[in-house]
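# A closer look at the structure
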Amino acid sequence: MTESATPKLLYQPVTALKGVNEATAEKLLRLGILRVVDLLFHLPLRYQDRTRIYPIGSLRTEQEVTVEGEIELTEVVIRARKMLLCHISDGTGWLTLRFFHFTNGQKHSLSKGAAIRCFGEVRQAGGKLEMVHPEYRLVNAGELPPLENTLTPTYPSTEGMQQRSLNRLIKLALEQVDQLEELLPQPLIREYQFPPLADCLRLLHQPPSELASRPLLDGRHPVQQRLIFEELLAHQLGVQQARHQINQVQAPRMQAPNQFFQQLLKRLPFAPTSAQTRVINEISHDLGLGSPMNRLVQGDVGSGKTLVAVAAALQAIANGYQVALMAPTELLAEQHYRNFCTWLEPLGLDVVYISGNQTVKQRRRQVENLLLGIGHIAIGTHALFQRTVEFLQLGLIIIDEQHRFGVHQRLELREKGKQGDYYPHQLVMTATPIPRTLAMTAYGDLDYSIIDELPPGRTPIKTVQLNNDQRERLIRRTEKACQRGCQVYWVCTLIDESEVLQCQAAEDTATLLREQLPDVTIGLIHGRLHPSEKERIMAAFKANELQLLVATTVIEVGVDVPNASIMIIENAERLGLSQLHQLRGRVGRGSAESSCVLLYQAPLGKTAQKRLEALCQTTDGFEIANIDLELRGPGEVLGTKQTGDLRLRLASLLRDQHWLPRVQEVAKQIVANEPEKALALTQRWLQRPGGDSAIRFFQS
Ligand SMILES: Nc1ncnc2c1ncn2[C@@H]1O[C@H](COP(=O)(O)OP(=O)(O)OP(=O)(O)O)[C@@H](O)[C@H]1O
């Protein structure tokens with residue numbers, strides 16, 4: 001019952017339509033349109049209203065409308081360049097038509113007294129309304145051309161493909177729309193009273209003029225809701241197919257319990273929280289299944305993700321496999337390396353550090369150890385996956401900070417780790433919470449665990465915002481805090497500036513603070529320092545030899561100095577919510593009461609104000625993620641790579657997220673009961689530009 005198996009015109013290549021030659025078919029392919037049916041699902045971006053005449057006196061800027069009037073004056077003026085201005089009036093107001101390119105014939109035809117109908121976007125220039133290069137037509141009284149009956153859609157297009165041609169082809173395809181199969185389950189259609197599919201498509205391609213006043217673009221019209229559901233469903237099915245595919249390959253079966261973790265627990269100064277234990281068990285179960293684990297662990301800042309990663313690594317090692325742990329920055333990789341050494345070396349295990357900064361000679365020993373299987377776990381940045389690094393028996397890849405790595409990189413890593421017929425398990429850890437519904441869709445190919453509890457004894461961080469003109473007061477307070485034994489981070493931020501400038505700013509701040517606070521020991525850390533220097537400074541701060549650490553955002557992720565209790569962030573108004581939350585998360589990691597000062601330059605923009613207020617009100621990363629989603633939209637929250645993979649035509653993950661849980665359920669039912677419909681739905685919706693079906697992408 002797949003659509004492509006049916007010999008109807010709908011499922012034939014577009015060349016089956018009248019007037020479509022190979023060249024046109026090629027252009028259509030760039031839009032993801034291969035078959036006639038794909039034209040039906042090529043949905044409008046917006047609509048123009050050419051169904052009625054608007055009185056000029058009622059016009060507002062940015063409207064795209066049709067007006068009619070009489071030409072009062074046509075003149076050629078030369079300002080920065082030569083242009084033709086034609087002033088028209090309809091008795092309710094005046095409008096200027098502006099042409100930068102014109103012919104003499106055009107100038108003469110636009111003569112005083114002629115009646116004109118034009119369509120274009122209304123703009124404001126010098127306090128007057130105008131249209132630039134409108135479409136126009138001179139009309140003789142009594143011979144008015146008819147208006148359109150329906151709104152005029154504007155489609156996504158490509159070079160050389162005119163809207164008019166697309167419109168014509170889609171109209172031809174619409175003649176076949178009743179042949180389209182209904183792929184949504186009937187009970188679902190009844191439950192939500194979804195209108196029939198053919199009606200939905202007809203209405204979206206040719207909306208009646210009444211809908212102009214109730215814009216179709218808010219996505220709430222029942223026909224849109226129905227198609228949005230279907231699109232989200234197709235997407236979900238694609239993701240589930242990808243999962244299915246992943247489960248077809250084999251991975252090492254790793255038995256629990258593991259003696260190493262039991263030994264570690266005995267040595268730990270604390271007991272795991274129940275959330276840590278739950279997530280450790282979920283991972284342990286996955287590792288024993290014999291198919292590759294693909295699990296995303298989300299935990300708020302400071303929730304103790306490292307212990308969870310250690311437990312997973314120890315299970316792999318106890319079963320005779322090696323582990324690779326990849327961090328996004330050298331600083332974080334070094335910190336993980338130190339932590340893992342402290343925890344694993346007493347168990348007799350060998351931890352290897354691979355850095356892009358090592359010389360060939362320094363690295364040779366490490367690489368040899370991995371190849372011989374002497375090294376049990378390798379920690380590093382993406383340098384870990386260079387060709388020269390090979391493992392004897394890699395069984396588990398741990399990726400820290402998911403948002404820095406795209407979906408494709410994740411798949412690539414998996415390929416690199418492949419040994420014989422076996423794929424390694426993958427564990428992805430992120431401290432940047434993503435709202436659950438979004439995660440289900442964007443990372444649907446991953447299972448999902450949340451560490452939703454902080455270790456006991458933490459006191460919430462007190463956060464305040466402070467105008468930069470209060471800086472002097474803040475410096476005096478910082479001095480007092482240092483005298484009381486507190487340790488302070490002072491973060492200098494410069495967004496969109498080069499790293500050199502960032503480091504310069506941090507250096508300047510450090511110099512100033514050293515002058516103003518002569519009795520405080522001040523360190524400076526930034527990305528341009530030599531790695532060994534960075535390591536030395538972090539170690540000094542950790543050992544409480546430095547009271548104040550001036551830093552760039554290099555300390556954003558992962559840095560763990562439990563004794564530090566004050567965080568000052570300069571130019572906080574320029575940073576995003578999740579970045580601020582991450583930075584703030586560097587304090588409040590011990591039992592001491594912690595505070596965070598968001599220093600801003602007035603005046604504050606509206607969104608910046610909302611961001612700073614949100615941070616002052618809550619320390620819950622999941623709540624902050626939701627606010628971030630509202631302020632920035634899902635594209636930004638997920639990062640560009642992920643949105644690129646999620647090309648939705650009609651649905652919006654933010655606006656339509658209420659559908660997602662139901663979509664997941666229905667997807668499961670369809671896969672179980674009507675698998676042929678699952679395939680037909682993905683074929684219908686997941687065509688990618690260039691004709692490359694998203695199904696293939698999901699299956700890769
Ligand atoms: N169950 C626990 N009880 C007490 N302390 C814990 C517990 N688990 C972890 N910790 C400690 O809490 C601190 C934070 O842990 P960790 O660095 O693993 O957090 P994280 O989740 O990686 O945070 P971030 O993403 O902010 O780096 C560490 O000092 C760690 O030793």
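Residues numbered from 1 in each chain as written. Predicted model: local features only at pLDDT ≥ 70, side-chain atom pairs only at ≥ 80, totals over all residues.

### A look at the overall build of the protein
From N to C terminus, the protein includes 25 helices and 22 strands. The proportion of buried residues among the 700 residues of the protein is 41%. Within the protein, contacts between residues separated by at least 24 positions form 75% of all contacts whose residues are at least 6 apart in sequence. (Helix = DSSP H or I, 4+ residues; strand = E, 2+ residues; numbered from the N terminus. Buried ≥ 20, exposed ≤ 12 C-beta atoms within 10 Å, placed from the backbone. Contact = placed C-beta atoms within 7 Å.)

### Side note on the sheet that holds strand β12 (residues 351–354)
Ordered in space as β12-β13-β11-β14-β15-β10-β16, the seven strands form an open sheet in which the pairing is parallel. Of all the strands in the sheet, the pair left with one neighbour each is β12 and β16 (447–451). The sheet shows a mean angle of 20° between the axes of neighbouring strands, direction not considered. In terms of strand pairing, strand β11 (residues 322–326) meets strand β13 (residues 377–380) through four bridges, oriented parallel. Across the sheet, L325 pairs through a bridge with I379, a residue of β13. Relative to the sheet, helix α9 (residues 274–287) contacts β10 (294–299), β15 (425–430) and β16, its axis offset from that of β16 by approximately 160°. Packing against the sheet, helix α12 (residues 360–372) makes contact with β11, β12 and β13, and its axis sits at approximately 130° to β12. (Pairing = 2+ DSSP bridges. Axes fitted to C-alpha atoms, helices over the stretch in contact; angles between N-to-C directions.)

### A word on unusual backbone geometry
Residue P603 is reached from A602 by a cis peptide bond, and omega for that bond is -5°. Its location among the elements puts P603 in the loop between β22 (595–600) and α19 (606–617). Unusually for a residue other than glycine, H133 sits at a positive phi of about 45°. Assessed through the 14 C-beta atoms surrounding it within 10 Å, H133 is described here as partly exposed. Phi at N571 takes a positive value of approximately 50°, unusual for a residue other than glycine. Along the chain, N571 falls in the loop between β21 (564–569) and α18 (577–584).

### A few points about the sheet that holds strand β6 (residues 123–125)
Read across the open sheet, the seven strands follow the order β6-β7-β4-β3-β2-β5-β8; overall the sheet is mixed. In this open sheet, the two strands that pair with only one neighbour each are β6 and β8 (135–139). Across the sheet, the mean angle separating the axes of adjacent strands is 45° when strand polarity is ignored.

### So, helix α6 (residues 197–205)
In an α-helix, one turn spans 3.6 residues, which is why side chains three or four residues apart end up on the same side. Of all the residues in α6, the buried ones are L197, C200, L201, L204 and H205. Taken end-on, α6 shows its buried residues confined to a sector of 115°, consistent with a single buried face. (Arc of directions from axis to C-beta.)

### Notes on the environment of V139
Looking at where V139 falls in the secondary structure, it is placed in strand β8. On the basis of neighbour counts, which here come to 14 C-beta atoms within 10 Å, the residue V139 falls in the partly exposed class. Those residues within four positions of V139 in sequence are excluded, and the remaining contacts are A115, I116, R117, L144 and P145.

### A few points about the site of the ligand
Every one of the 19 residues lining the ligand counts as a neighbour, but G304, K305, T306, A431 and P455 are closest to it. Looking at the shell around the ligand element by element, the count peaks at three residues for helix α10 (residues 305–318). In terms of residue class, the shell around the ligand is built from seven nonpolar, nine polar and three charged. Composition of the shell around the ligand by domain shows at least three residues from each of domain 3 (259–451) and domain 4 (462–618). (Near = placed C-beta within 6 Å. Nonpolar A, V, L, I, M, F, W, Y, C, P; charged D, E, K, R; others polar. Domains from an automatic or database assignment.)

### A word on the confidence of the model for the protein
Mean pLDDT for the protein: 84, with 88% of residues reaching 70 or above. Across the protein, the secondary-structure element scoring lowest on mean pLDDT is helix α25 (residues 694–699), at 32, and the one scoring highest is α9, at 96. A low-confidence stretch, residues 1–6 (pLDDT under 50), is modelled with 15 contacts involving residues beyond four sequence positions or located in other chains. Across residues 635–645 the pLDDT falls below 50, and counting only partners more than four positions away or on other chains, this stretch makes 16 contacts in the model. This prediction of the complex comes with two scores: 0.66 for pTM and 0.98 for ipTM. (pLDDT = per-residue confidence, 0-100.)

### A closer look at the nonpolar core
One finds A312, A313, I377, I398 and Y489 to be the most contacted residues of the largest nonpolar core, which totals 102 residues. Top contributing element to this core by residue count: α10, with eleven residues. Both domains that furnish three or more residues to this core are identified here as domain 3 (259–451) and domain 4 (462–618). Leaving out residues up to four positions away in the same chain, I398 has contacts with A309, A312, A313, V323, L325, L427 and M429. Counting residues in each nonpolar core, the second largest holds 41 residues, with V36, I228, L237 and L681 among its members. (Core = buried A, V, L, I, M, F, W, Y, C linked by C-beta atoms within 7 Å.)

### Considering the pairing of strand β18 (residues 487–491)
Within β18, five of the five residues are buried, leaving the element largely enclosed by the surrounding structure. Side chains Q487, Y489 and V491 project from β18 onto one buried face, and the interleaved V488 and W490 project onto a second face that is buried too. With five bridges connecting them, β18 and β21 associate as parallel partners. In the strand pairing of β21, V488 is matched with I566. Inspection of the sheet shows β18 paired to strand β20 (residues 548–551) by four bridges, in the parallel sense. Its bridge partner being in β20, Y489 is matched across the sheet by L549.

### With respect to the packing of α18 against α19
Interaxial distance between α18 and α19 falls to 10 Å at its minimum, and their mutual angle equals 35°. Considering only the axes of α18 and α19, their crossing is right-handed. Every residue of α19 that contacts α18 at L577, L580, H581 and R584 is listed here: R611, A614 and L615. (Left-handed = near helix turned anticlockwise from the far one by under 90°.)

### With respect to the pairing of strand β19 (residues 522–525)
In this structure, β19 lies alongside β20, joined through four bridges in parallel fashion. Bridging from a neighbouring strand, I525 pairs with A551 of β20. Regarding topology, helix α17 (residues 531–542) serves as the crossover connection from β19 to the parallel β20, and that connection is right-handed. (Right-handed = clockwise from strand over helix to strand, strands pointing away.)

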